[in-house]
Amino acid sequence: MQFTLRPLASGVTIATYQAGDPTGQPVLFLHGNSLAASTFQHQFDAPELQHLHLVALDWPGCGASPDAPACYHPRQFQEVLCEAIGALGIQSALLVGHSYGGHLGLHALPAVPSLRGLLAVGTPPVNVPDDVAAAFALDERGQSFYQAAVSNEQRADLVALCLGPGASAEVQQVVDSALRRADGRLRAAIGSALAAGEIPDETAIARATRVPLAFAAGEADPLLHFRYFEQVAAPARWGAPLHVVPGAGHTPFLENPAAFNALLLDFLASVVGPRPAGVSIGR
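In this report, we go over the structure that sits alongside the text. Since the structure is predicted, the reported quantities are computational estimates derived from the model, not experimental observations. (Residues numbered from 1 in each chain as written. Predicted model: local features only at pLDDT ≥ 70, side-chain atom pairs only at ≥ 80, totals over all residues. Heavy atoms only, no water.)

1. What about the pattern of salt bridges?
Put simply, the rule is: Salt bridge criterion: a side-chain nitrogen from Lys or Arg within 4 Å of a carboxyl oxygen from Asp or Glu. A run of H or I in DSSP becomes a helix once it reaches four residues, and a run of E becomes a strand once it reaches two; helices and strands are each numbered from the N terminus. Exposure is judged per residue with a 1.4 Å probe applied to protein chains only, and the accessible area is read against the type maximum: over 50% gives exposed, under 20% gives buried, and values in between give partly exposed.
Under the counting rule described, the total for this entry stands at seven salt bridges. A salt bridge links aspartate 67 to arginine 185; the shortest N-O distance between them is 3.7 Å. Here arginine 185 lies in helix α7 (residues 184–195) and aspartate 67 lies in the loop between β4 (53–58) and α2 (74–88), a separation of 118 residues in the sequence. By relative accessible area, which is 37% here, aspartate 67 ends up partly exposed. The partner of aspartate 176 in a salt bridge is arginine 155, with the nearest N and O atoms 2.9 Å apart. Here aspartate 176 is found in helix α6 (residues 169–181), whereas its partner arginine 155 is found in helix α5 (residues 152–162), with 21 residues between them in sequence. Arginine 155 carries the same exposure label as aspartate 176, and that label is buried. Sharing partners across several salt bridges, the network here consists of Asp67, Arg181, Asp183 and Arg185.

2. Brief notes about the sheet that holds β4
Note: strands within a sheet are paired through backbone hydrogen bonds, in either parallel or antiparallel orientation. The condition that has to hold: The pairing criterion for strands is at least two bridges between them, as found by DSSP. The convention used is that axes are lines fitted to C-alpha atoms, helices contributing only their stretch in contact, and that angles between N-to-C directions extend from 0 to 180 degrees.
Strand order in the open sheet formed by eight strands is β1-β2-β4-β3-β5-β6-β7-β8, and the pairing between neighbours is mixed. This sheet does not close on itself; its edge strands, each paired only once, are β1 (3–7) and β8 (243–245). Put simply, the sheet's adjacent strands are angled 25 degrees from each other on average, direction ignored.

3. Section: the environment of histidine 42
Quick note on the threshold: When checking whether two residues touch, look at their non-hydrogen atoms; a contact exists if any pair is within 4.5 Å.
Turning to its location among the elements, histidine 42 is positioned in helix α1 (residues 41–44). C-alpha of histidine 42 to C-alpha of asparagine 256: the two residues are 214 residues apart in sequence and 9.1 Å apart in space. If near-sequence neighbours (up to four positions away) are discounted, histidine 42 is found in contact with Phe253, Leu254, Pro257 and Asn261.

4. A look at α7
Think of an α-helix as turning once every 3.6 residues; residues three or four places apart then point the same way. Stated precisely, the cut-off is as follows: Every helix has an expected span of 1.5 Å times one less than the residues it contains.
Compared with the 16 Å implied by 1.5 Å per residue over twelve residues, the 17 Å span of α7 between its first and last C-alpha is a close match. Considering only its buried residues, α7 is in contact with α2, α3 (100–108) and α6. Just downstream of α7, glycine 197 is the residue with a positive phi angle, here 70 degrees.

5. What to know about the packing of aromatic side chains
Quick reminder of the rule: Stacked, tilted and edge-to-face are the three classes applied to pairs of Phe, Tyr and Trp rings, where Trp contributes its six-membered ring and a pair requires centres within 6.5 Å; stacked means planes under 30 degrees apart, edge-to-face means over 60, and tilted covers the rest.
Per the stated rule, a full pass over the model turns up eleven aromatic pairs. The interplanar angle of 40 degrees and the centroid separation of 6.4 Å between the aromatic rings of phenylalanine 77 and tyrosine 100 together place this pair among those described as tilted. Linking phenylalanine 77 in helix α2 with tyrosine 100 in helix α3, this pair joins segments that are 23 residues apart in sequence. One exposure class covers both phenylalanine 77 and tyrosine 100, and it is buried. Among the aromatic residues, those joined into a ring-pair cluster are Phe29, Phe40, Phe44, Phe253 and Phe260.

6. Comments concerning the environment of glycine 63
With respect to the element layout, glycine 63 can be found in the loop between β4 and α2. Classification of glycine 63 as partly exposed rests on a relative accessible area of 26%. Glycine 63 sits 120 residues away from aspartate 183 along the chain, and the two C-alpha atoms are 9.5 Å apart. In this structure glycine 63 touches Leu35, Ala36, Asp58 and Arg181, once residues within four positions along its chain are discounted.

Purely geometric numbers; function is a separate question.
Right, dumping it as structure tokens:
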């Protein structure tokens, strides 16, 4: 995956990645806390997705994007996302948000109502702090997601929490490399915002949005309480309360890309319709 460093008007610079058909339906991939766009490599190189305009970004402080500790608050990341969507000219994108990226995708829905949909992966909509314990199964290891400094042992725990028990060494290396590079000040900023309740009411967004929503998770995701999704009120939700991807943990698009890509295409077809043979879907 080749990146382009893109300065935004706010002064933040982000790495962006593009593949597929630039005239196709845009799909924007948003990675999780302390990960990177590299986790979506099996979508960018998937033959079945090449008719789409595939776009991803590295959040500030992650992947190839420079550190920007002054803008790590979730509210500022939401602004970065909205600004990036405008700069890339993909206001009609379908978002695929993983974990924290899915939360940020939810936050952006009221600001960018032209988005075609959101596939939130490992992302239960919550109203902090009321729903956190019901939605998440965080143990002591998971608290490292919100610590500035993590030891090698703690990073290994985070890799294990991101993946199912059958994850290959190659997949583990992708996640480990992303975690190793990430600016720990980002994790601390997210933790501080959660503790202070400075997160939008995502349950209210899910109830109010007309943008189609779909929720997915790997069948062996250790971070979620699956039954929580049954109580989420989301009138625009597509299909089941939670679409479960077999043979995967918290990062199913990396662990079982064939099943995940099929799910993505099904959701996309429900949103924009099937792609006619030989016809591009404009933006």
